[in-house]
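Chains, contacts and geometry: an overview
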Amino acid sequence: MGKAKKRSLHLGINDRITNLSREEAVRTVVDMLKTGDSEIFGLVTLFGLTAEELLEAGASYEAVIGIKGILK
């Protein structure tokens, strides 16, 4: 984990994701895509998620194509 991520987690900016695993992050992003939550960018870039991971977790193809600019 890089210095900036450690600092932001230490400061409590991202309290809800301090103990979040990669699998939980993928499930959370899929749920956010279904509800239309706008905080997807942070989780996708923090974990470096791919379109394939999201599609395998149950995200719709259209939703993944909608955020393809931030996916690896």
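Structural notes, computed from the coordinates. Just so you know, these numbers come straight off a predicted model, no measurement behind them.

A few points about helix H3 (residues 40–47)
Those residues of H3 not exposed but buried are Ile 40, Leu 43 and Val 44. With its buried residues spanning 95 degrees around the axis, H3 presents them on a single face. Each element contacted by the buried residues of H3 is listed here: helix H2 (22–35). Backbone geometry just downstream of H3 places Gly 48 in the positive-phi region, at approximately 65 degrees.

Describing the environment of Val 64
In this structure, Val 64 sits in helix H5 (residues 61–66). Overall, the relative accessible area of 3% leaves Val 64 in the buried class. For the pair formed by Val 64 and Leu 33, sequence separation is 31 residues and the distance between their alpha carbons is 8.2 Å. Setting aside residues no more than four positions away along its own chain, Val 64 makes contact with Ala 51, Leu 54, Leu 55, Ala 59 and Leu 71.

Conventions used here
- By convention here, each chain's residues receive numbers from 1 onward along its written sequence.
- The model is predicted, so local features are restricted to residues of pLDDT at least 70 and side-chain atom pairs to those at 80 or more, both for listing and for counting; the totals for chains, interfaces and linings are taken over all residues.
- As a rule here, side-chain values come from all non-hydrogen atoms in the structure, and water together with hydrogens is ignored.
- Burial classes: relative accessible area under 20% of the type maximum marks a residue as buried, over 50% as exposed, and values in between as partly exposed (1.4 Å probe, protein chains only).
- Numbering of helices and strands runs from the N terminus; a helix is a DSSP stretch of H or I covering at least four residues, while a strand is a stretch of E covering at least two.
- The arc under discussion is defined with respect to the helix axis, by the directions toward the C-beta atoms.
- Contacts: residue pairs with any heavy atoms within 4.5 Å of one another.

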